[in-house]
Amino acid sequence: TSSALLGPAEIRDLAGRLGVRPTKTLGQNFLHDGGTVRKIVRIAGLQPGERVVEVGPGLGSLTLGLVEAGASVVAIEIDPVLAGQITDTVKARFPDADFEVVLSDALDVTALPGEPPTALVANLPYNVAVPVLLTMLQRFDSLERVLVMVQAEVADRVAAVPGSKIYGIPSVKAAWYASARRAGTIGRNVFWPAPNVDSALVYLERREPPSTSAPRERVFAVIDAAFAQRRKTLRAALSGLFGSGAAAETALRAAGVDPSARGETLVVEQFARIAEQLDQRAE
Ligand code: SAM
């Protein structure tokens, strides 16, 4: 059956024509399965005409699925060869597509052309998946929903709940912006080249950030310190930040948190309460 999406033959041809040799440093694993692309697009639940930002369009596998669904797409790609080709790939199949590409490291993008995107849909480069996810949520308030494909283990971490072994910095920071859940597993054989690990989808829905007087940066500093040494109590882990163990203990009690608890049991609101104490000390 004919399809506007990229299968194994199209991926091979395109890569060959461009002289693309996928690199691990840029997390270049390209989807060559239209069924997987349509599954991702379906889970994203896009509205026709919805403005979507994609990070790392690569050869265009997912981009074409988004355009096929009627989305208006702005894509951010770091690789100049891929960024230089993607518009032709899209326009050859969808001449009327509303599509733009930005050649940049996604971590450096502070403004996007066109309408503010309401959704982020991406097959993220694995080595920078969490920083890219958090940075996009932080910089682009307009993002209401996110569907990203990441390493399965990273998906679990982002969606983890307090008290679980894998609950950590990505889980708490993501919870500042959104509620997250895992949304399906993707095997490694739908990629070229096939990665060494399975992938999974994480779906995030924007929520109100915790109501707190502490700035986000300060809350995140508390989170970083609390998880820097997972096995330490909060009293010990936060002693550096508060100047001493005794000061940390006082702050934790004032925040209503047991000083002998560990970071992995706290929700993001509790980290905010602790950061408020840091606020007061600084004044
Ligand atoms: N979306 C394509 C697909 O599904 O086939 C490619 C996904 S591939 C896992 C990741 C893509 O992100 C590559 O095209 C890579 O060049 C690009 N990339 C890597 N690091 C990036 C960064 N910091 N900013 C923007 N794009 C990046």
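Since the structure is predicted, the reported quantities are computational estimates derived from the model, not experimental observations.

## Some points on the UniProt feature "binding site: S-adenosyl-L-methionine" (unreviewed entry) in the protein chain
For step 1, the next point in the chain: Mapped onto the present numbering, the UniProt feature "binding site: S-adenosyl-L-methionine" (unreviewed entry) falls on Asn29, Leu31, Gly56, Glu77, Asp105 and Asn123.
For step 2, the next point in the chain: By secondary structure assignment, the location of glycine 56 is in the loop between β2 (51-55) and α3 (61-68).
For step 3, the next point in the chain: Within the fold, asparagine 123 resides in strand β5 (residues 119-123).
For step 4, the next point in the chain: What asparagine 123 contacts, discounting residues up to four positions off in sequence, is Leu31, Gly56, Leu62 and Met149.

## Observations concerning unusual backbone geometry
For step 1, the next point in the chain: With an omega of -10°, the peptide bond running from tryptophan 192 to proline 193 counts as cis.
For step 2, the next point in the chain: Residue placement: proline 193 occurs in the loop between β8 (191-192) and β9 (199-206).

## Topic: the site of the ligand
For step 1, the next point in the chain: Close to the ligand lie 24 residues, the nearest being Gly56, Gly58, Ala106, Asn123 and Pro125.
For step 2, the next point in the chain: Looking at the shell around the ligand, the elements with two or more residues in it are β1 (30-31), α3 and β3 (72-77).

## Looking at the UniProt feature "domain: Ribosomal RNA adenine methylase transferase N-terminal" (unreviewed entry) in the protein chain
For step 1, the next point in the chain: UniProt feature "domain: Ribosomal RNA adenine methylase transferase N-terminal" (unreviewed entry): in the numbering of this structure it lies at residues 36-208.
For step 2, the next point in the chain: Segment residues 36-208 splits into 34% helix and 27% strand. End C-alpha atoms: 32 Å apart.

## Side note on the nonpolar core
The nonpolar side chains of a soluble globular protein tend to be buried with one another.
For step 1, the next point in the chain: If you look at the biggest cluster of nonpolar residues, it comprises 93 residues, and the most contacted ones within it are Val121, Leu124, Val148, Val150, Val202, Val222 and Phe271.
For step 2, the next point in the chain: Excluding its chain neighbours within four sequence positions, the residues that come into contact with valine 150 are Leu124, Tyr126, Ala129, Ala155, Ser199, Ala200 and Val202.

## Overview of helix α11 (residues 245-254)
For step 1, the next point in the chain: Among the residues of α11, Ala248, Ala251 and Leu252 are the ones counted as buried. Down the axis of α11, the buried side of the element spans an arc of 100°, and every buried residue falls inside it.

## Some words on the sheet that holds β5
For step 1, the next point in the chain: Taken together, the seven strands give an open sheet; going across it, the order is β4-β3-β2-β5-β6-β9-β7, and neighbouring strands pair in mixed fashion. Only two strands of the sheet have a single neighbouring strand rather than two, namely β4 (99-103) and β7 (178-186). The mean inter-strand angle of the sheet, taken between neighbouring strand axes irrespective of direction, is 20°.
For step 2, the next point in the chain: Taken together, the two bridges between β2 and β5 define a ladder with parallel strand orientation.

## Description of the pairing of β5
For step 1, the next point in the chain: The buried fraction of β5 is high, at five of five residues.
For step 2, the next point in the chain: Burial along β5 is two-sided: the face carrying Ala119, Val121 and Asn123 and the face carrying Leu120 and Ala122 are both buried.
For step 3, the next point in the chain: Note: β5 against strand β6 (residues 145-151), five bridges, orientation parallel. Of the residues in β6, the one forming a bridge with asparagine 123 is methionine 149.
For step 4, the next point in the chain: Between the parallel elements β5 and β6, the chain passes through helix α5 (residues 129-139) in a crossover that is right-handed.

## Re the packing of helix α2 (residues 34-44) against α3
A pair of packed helices can be characterised by two numbers: the angle between their axes and the separation between those axes.
For step 1, the next point in the chain: The geometry of α2 relative to α3 is characterised by a closest axis approach of 9 Å and an angle of 50° between their N-to-C directions. One way to sum up the angle between α2 and α3 is to call them oblique. Considering the relative orientation of α2 and α3, their crossing is right-handed. Taken together, the residues of α3 that come into contact with α2 (itself represented by Val37, Arg38, Ile40 and Val41) are Ser61, Leu62, Gly65 and Leu66.
For step 2, the next point in the chain: Counted by class, the contact of α2 with α3 contains five nonpolar, two polar and one charged residues.

## A few points about the environment of arginine 182
For step 1, the next point in the chain: By the secondary structure assignment, arginine 182 is in strand β7.
For step 2, the next point in the chain: In this structure arginine 182 comes out as partly exposed when scored by C-beta crowding, with 15 C-beta atoms within 10 Å.
For step 3, the next point in the chain: Distance from arginine 182 to methionine 149, taken between C-alpha atoms, is 9.8 Å for residues 33 residues apart in sequence.

## Comments concerning the confidence of the model for the protein chain
Reading predicted coordinates in detail is not appropriate for stretches of low pLDDT.
For step 1, the next point in the chain: Averaged over the protein chain, the pLDDT score is 96; the fraction of residues at 70 or greater is 98%.
For step 2, the next point in the chain: In the predicted assembly, ipTM is 0.99 and pTM is 0.96.

What counts and what doesn't
Residues numbered from 1 in each chain as written. Predicted model: local features only at pLDDT ≥ 70, side-chain atom pairs only at ≥ 80, totals over all residues. UniProt positions renumbered as here; feature names shortened; annotations may be inferred. Helix = DSSP H or I, 4+ residues; strand = E, 2+ residues; numbered from the N terminus. Contact = placed C-beta atoms within 7 Å. Near = placed C-beta within 6 Å. Core = buried A, V, L, I, M, F, W, Y, C linked by C-beta atoms within 7 Å. Buried ≥ 20, exposed ≤ 12 C-beta atoms within 10 Å, placed from the backbone. Arc of directions from axis to C-beta. Pairing = 2+ DSSP bridges. Axes fitted to C-alpha atoms, helices over the stretch in contact; angles between N-to-C directions. Right-handed = clockwise from strand over helix to strand, strands pointing away. Parallel < 35°, antiparallel > 145°, perpendicular 65-115°, else oblique. Left-handed = near helix turned anticlockwise from the far one by under 90°. Nonpolar A, V, L, I, M, F, W, Y, C, P; charged D, E, K, R; others polar. pLDDT = per-residue confidence, 0-100.

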